[in-house]
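# Understanding the architecture of this molecule
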Amino acid sequence: MTQEELDSLMNSNVDIDDVLEESTDKNETSQQNENIRGAEGYRVSASNPWPPPPPTEDHKVVSQLDDVTKGIETKANQVFDYLDMMSNQMMEVEGNGRDIQDFIKKQRNLFEKLHGSFPHVTTFTKALSDIENAQKTVDAIITLSLDAGDSIMSIMDTMQYQDIHRQKIERVINVMRALSKYMNSLFEGKIDDAKRVASATHIAGDTATKDIVSEDDIEALIASLGGGGHN
């Protein structure tokens, strides 16, 4: 809005709020139309010609799907390797915990005998208390290692969906390849393309262009070819 339009508006009896609201509505409508026009540039429709992408390496569908299945299998194997390593480590932690349990059991038996023989020695009493706390700590470590091992097994079972997805994609690839071979066989001819007669670009009945060869042009062409043959 220019300064002259603003001055004229201020001097009139028109409600400025209505004008501002109308201006805002127009701006929003204009923006929506602009968004629609922008989106139509990327929309495929029957009236909007959209040529297929060229058969380059970036657009080969089966090749891309092969890369996807290969990537899924590679990454899944890596994850399984990590999980297997973690599972072995948890088993080693559990084994070490069992060994510590046996050692603590022997220490308890020893200090229980010493405490029984010398009940007034506070060192033996404190040692028994420390052994009891150590036993609880080792038991908790073993329990956690077992729980971690169970979780790793659950992750491995859950990871099986990766292989299922890979098999589904491979089945799609096989169907697409079979259809491709079928279509190629269906449209296969007995004449080599190099030996085929060239097709006319436009023929009578076409409505897409006015550049159509007429019958007079064809007769003139035949006549010129016939005249050339007599020479």
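This structure is a prediction, so every number in the text was calculated from the model and none was measured.

## Points about the overall build of the protein chain
When you go through the protein chain residue by residue, the secondary structure sums to 6 helices and 0 strands. Each helix and strand of the protein chain, placed in order from N terminus to C terminus, yields the pattern α-α-α-α-α-α. Burial analysis of the protein chain (231 residues in total) assigns 11% to the buried set. Taking contacts inside the protein chain between residues at least 6 apart in sequence as the whole, the part at least 24 apart equals 64%. For the protein chain, the accessible area works out to roughly 19,100 Å², and carbon and sulfur atoms hold 56% of it.

## Here we look at a negative patch on the surface
Negative charge collects at one region of the surface, where Glu215, Asp216, Asp217 and Glu219 lie side by side. Its place among the elements puts Glu215 in helix 6 (residues 215-230).

## Observations concerning the packing of helix 3 (residues 61-117) against helix 5 (residues 160-186)
For the pair helix 3 and helix 5, interaxial distance at closest approach is 10 Å and the crossing angle is 160°. As summarised for this structure, helix 3 and helix 5 are arranged roughly antiparallel, according to the angle between their axes. Relative to helix 5, the crossing made by helix 3 is left-handed. Judged by residue contacts, Val61, Val62, Leu65, Asp66, Val68, Thr69, Ile72, Glu73, Ala76 and Phe80 of helix 3 engage Gln160, Gln162, Arg166, Ile169, Glu170, Ile173, Met176 and Arg177 from helix 5.

## Structural notes on the environment of Ala148
With respect to the helices, strands and loops of the structure, Ala148 is situated in helix 4 (residues 122-158). Sequence separation between Ala148 and Met90 is 58 residues; the distance between their C-alpha atoms is 7.0 Å.

## A few points about the nonpolar core
Core analysis: the largest hydrophobic core is formed by 8 residues, namely Ile104, Phe111, Phe124, Ala127, Leu128, Ile131, Val138 and Ile142. If one sorts the elements of this core by residue count, helix 4 sits on top with 6 residues. Aside from chain neighbours lying at most four places away, what touches Ile131 is Ile104, Gln107, Arg108 and Phe111.

## Considerations on the packing of aromatic side chains
This model, assessed by the stated rule, comprises 2 aromatic pairs. Ring centres of Phe118 and Phe124 lie 6.3 Å apart, and the angle between their planes is 55°; on these two criteria the pair is classed as tilted. Here Phe124 falls in the buried class, since its relative accessible area comes to 17%. Aromatic ring contacts, followed pair by pair, group Phe111, Phe118 and Phe124 into a single cluster.

## As for the side chain of Arg166
Here Arg166 lies in helix 5. A polar side-chain atom of Arg166 sits 2.3 Å from a polar atom in the side chain of Asp163. Once residues within four sequence positions are removed from consideration, Arg166 is found in contact with Thr69, Ile72 and Glu73.

## Thoughts on the pattern of salt bridges
Once their charged atoms are close, side chains differing in charge can pair, the charge on each being opposite to the other. Per the stated rule, a full pass over the model turns up 5 salt bridges. The partner of Asp130 in a salt bridge is Lys126, with the nearest N and O atoms 3.1 Å apart. One end of the pair, Asp130, and the other, Lys126, are both in helix 4, 4 residues apart, so they sit about a helical turn from each other.

## Things to note about the confidence of the model for the protein chain
Here the protein chain averages 77 in pLDDT, while 66% of its residues score no lower than 70. Across the protein chain, the secondary-structure element scoring lowest on mean pLDDT is helix 2 (residues 16-40), at 52, and the one scoring highest is helix 4, at 92.

## Regarding the side chain of Thr69
Looking at where Thr69 falls in the secondary structure, it is placed in helix 3. Discounting residues that sit within four places of it in the chain, Thr69 has contacts with Arg166, Ile169, Glu170 and Ile173.

## A few points about helix 3
Compared with the 84 Å implied by 1.5 Å per residue over 57 residues, the 84 Å span of helix 3 between its first and last C-alpha is a close match. Where helix 3 is concerned, the buried positions are Val62, Thr69, Ile72, Ala76, Leu83, Ser87, Gly97, Gln101, Ile104 and Phe111. Buried residues belonging to helix 3 abut helix 4 and helix 5.

## So, a nonpolar patch on the surface
Together, Tyr182, Met183, Leu186 and Phe187 line one region of the surface with nonpolar side chains, adding up to about 470 Å² of accessible area. Inspection of the secondary structure puts Tyr182 in helix 5.

What counts, and at which threshold
Residues numbered from 1 in each chain as written. Predicted model: local features only at pLDDT ≥ 70, side-chain atom pairs only at ≥ 80, totals over all residues. Heavy atoms only, no water. Helix = DSSP H or I, 4+ residues; strand = E, 2+ residues; numbered from the N terminus. Buried < 20%, exposed > 50% of the residue type's maximum accessible area, 1.4 Å probe, protein only. Contact = heavy atoms within 4.5 Å. Areas by Shrake-Rupley, 256 points an atom, 1.4 Å probe, with all protein chains shown as cover. Patch = residues over 30% accessible without salt bridge, like charges linked within 9 Å, V, L, I, M, F, W, Y side chains within 5 Å. Salt bridge = Lys/Arg side-chain N within 4 Å of Asp/Glu carboxyl O. Lys, Arg positive; Asp, Glu negative; His and termini not counted. Charge placed at Lys NZ, Arg CZ, Asp CG, Glu CD. Axes fitted to C-alpha atoms, helices over the stretch in contact; angles between N-to-C directions. Parallel < 35°, antiparallel > 145°, perpendicular 65-115°, else oblique. Left-handed = near helix turned anticlockwise from the far one by under 90°. Core = buried A, V, L, I, M, F, W, Y, C linked by side-chain atoms within 4.5 Å. Phe/Tyr/Trp six-rings, centres within 6.5 Å; stacked < 30°, edge-to-face > 60°. Polar contact = N/O pair within 3.5 Å; in protein donor to acceptor, adjacent residues only side chain to side chain. pLDDT = per-residue confidence, 0-100. Expected span 1.5 Å × (residues − 1).

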